[in-house]
Amino acid sequence: MSQTLKTGVRWTIHDVELFAENEGTRYEIVDGELFMTRVPHFKHQQTCGRIFQQLNIWSESNGLGEAVINPGVLFSESDNVIPDVVWATKETLALTLDEAGHLTGAPDLVVEVLSLSNSDQRRDKEAKLKLYSSRGVKEYWIADWRSRKLEVYRREDNQLKLLETLFNSDIIISPLLPGLSCTVNQFFPV
């Protein structure tokens, strides 16, 4: 479940640093708007793990990049997000990984797994899509474990556009991830 704090204030990473430690709550900022999210559903987390597993196995076999679960991505003081899964080439990591272990630029692939609440879904499908598009993410996947579908957005004409919606038995392939080929159902728990 997500909550948006709309106060007319533009939030920054410095504001969030002042919050008391609140285990189980994630804070994200998109265009100065603060989002608080509780720990996701068990199947949401399983989906993240399965997507990471497929990307990680593929990455280890070719050495092209790295997959990570829940990295901090600090685009700016007012755009600070925690995607569910990202994949980045070794070149992208060399350019964007800071000393604190956060990405300061766009990963090549960002994956968000939809949560139950409508506000969370709106954030992933609207605010984060716009953010990732404006910041140069090459591919964006939105996974829905309830309907077992994957929306694939790919950069075209300098923005992320919905390329295809894949279901259970469809095969995901991507020019960004040469040689990766798996069925969408491998991403979702039984």
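Computed from a prediction, not measured in an experiment: that's the story for all the values here. Every chain is numbered independently, its residues counted from 1 as its sequence is written. Restriction of local features to residues with pLDDT of at least 70 applies here, the model being predicted, together with a cutoff of 80 or more for giving and counting side-chain atom pairs; totals for whole chains, interfaces and linings are based on all residues. No hydrogens and no water enter the side-chain calculation; it runs on all heavy atoms of the structure.

A. Structural detail: the packing of aromatic side chains. Within 6.5 Å between ring centres, the rings of Phe, Tyr and Trp (the latter by its six-membered ring) count as paired, and their orientation is classed by plane angle as stacked under 30 degrees, edge-to-face over 60, tilted in between. In this structure the tally under the stated criterion is five aromatic pairs. Taking the centre distance of 5.0 Å and the plane angle of 75 degrees together, the rings of Tyr132 and Tyr140 count as edge-to-face. Type-normalised accessible area, obtained with a 1.4 Å probe on protein chains alone, sets the label of each residue: buried when under 20%, exposed when over 50%, and partly exposed for intermediate values. We classify Tyr132 as buried; its relative accessible area is 0%. Taken together, Phe75, Tyr132, Tyr140 and Tyr153 form an aromatic cluster joined through their ring pairs. Placement of a charge over a ring requires the Lys NZ or Arg CZ to be within 6 Å of the ring centre, with the centre-to-atom vector within 35 degrees of the ring normal. Above the face of the Trp145 ring, Arg146 is positioned so that its terminal group lies 4.8 Å from the ring centre.

B. Layout of the state of the cysteines. Count a disulfide wherever a pair of cysteine sulfur atoms falls within 2.5 Å. In total, this model carries zero disulfides according to the counting rule given. Free of any disulfide, Cys48 has its nearest neighbouring cysteine sulfur in Cys182, separated by 15 Å. According to the relative accessible area criterion, Cys182 is buried, its value standing at 4%.

C. Molecular detail of unusual backbone geometry. One non-glycine residue, Asn70, adopts positive backbone phi at about 50 degrees. Looking at the secondary structure, you find Asn70 in the loop between strand S4 (65-69) and strand S5 (73-76). For Asn158, which is not glycine, the phi torsion reads 65 degrees and is therefore positive. Only DSSP runs of H or I reaching four residues or more are called helices, and only runs of E reaching two or more are called strands; each is numbered from the N terminus.

D. Local environment of the environment of Asp98. If you trace the backbone, Asp98 turns up in the loop between helix H3 (90-96) and strand S8 (109-113). Residues Asp98 and Phe167, 69 residues apart in the sequence, show an inter-C-alpha distance of 37 Å. When near neighbours in sequence (up to four residues on either side) are disregarded, Asp98 contacts Leu74 and Thr104. For this analysis, a polar contact is any N or O atom pair within 3.5 Å, provided that within protein one partner can donate a hydrogen and the other can accept it, and provided that sequence-adjacent residues contribute only side-chain to side-chain pairs. A polar contact is formed between the side chain of Asp98 and the backbone nitrogen of Ala100, at a distance of 3.0 Å. Two residues form a contact once any of their heavy atoms are found within 4.5 Å.

E. Spatial organisation of empty space enclosed by the protein. Computed over the protein atoms alone on a 1 Å grid, cavities are sets of points where a 1.4 Å probe fits but cannot get out and pockets are open sets with protein on both sides within 12 Å along at least five of seven lines; a residue lines them when it has an atom within 4 Å of a point. Grid points are joined across faces, edges and corners, and a volume is the space filled by probe spheres set on the points. One pass over the full model with this rule turns up one cavity of 30 Å³ or more. When its volume is computed, the largest cavity comes out at roughly 50 Å³. For the largest cavity, the full set of lining residues is Arg26, Thr37, Pro40, His44, Asp84, Glu112, Val113, Ser115, Arg123, Asp124 and Lys128. For the lining of the largest cavity, the elements supplying multiple residues, two or more each, are S8 and helix H4 (118-135). Counting residues per element, the lining of the largest cavity draws most heavily on H4, at three residues. In the lining of the largest cavity, the residues fall into two nonpolar, three polar and six charged. Under the grouping applied here, Gly and all other residues not named as nonpolar or charged are polar, the nonpolar ones being Ala, Val, Leu, Ile, Met, Phe, Trp, Tyr, Cys and Pro and the charged ones Asp, Glu, Lys and Arg.

F. Representation of the sheet that holds strand S7 (residues 85-89) in the model. On the basis of which strands lie adjacent, the open sheet formed by six strands has the order S4-S7-S8-S9-S10-S11 and mixed pairing. Here the strands that pair on one side only, and so sit at the sheet edges, are S4 and strand S11 (159-167). Neighbour to neighbour, the strand axes of the sheet diverge by 15 degrees on average, direction disregarded. The sheet contact formed by strand S9 (residues 139-144) and strand S10 (residues 149-156) spans six bridges and is antiparallel. Along S10, the bridge assignment pairs Asp144 with Lys149. Angles here are taken between N-to-C directions and fall from 0 to 180 degrees, while the axes themselves are lines fitted to C-alpha atoms, restricted in helices to the stretch in contact. Sheet strands in contact with helix H2 (residues 42-62) are S4, S7, S8 and S9, and its direction is about 170 degrees off that of S4. Of the strands in this sheet, S8, S9, S10 and S11 touch H4, which is tilted by about 165 degrees from S9. DSSP calls a pair of strands paired once it identifies at least 2 bridges connecting them.

G. Quick peek at the pattern of salt bridges. Within this document, salt bridges are pairs made up of a side-chain nitrogen of Lys or Arg and a carboxyl oxygen of Asp or Glu, the two lying within 4 Å of each other. One pass over the structure, following the stated rule, counts twelve salt bridges. Among the ionic pairs, Arg123 bridges to Asp124, the shortest N-O distance being 3.8 Å. The same class applies to Arg123 and to Asp124, which are both buried. Residue Glu151 is joined to Lys149 by a salt bridge in which the shortest nitrogen-to-oxygen separation is 4.0 Å. On the basis of relative accessibility, which here comes to 10%, the residue Glu151 falls in the buried class. Several salt bridges share partner residues, and in doing so they unite Glu112, Asp120, Arg123, Asp124 and Lys128 into one network.

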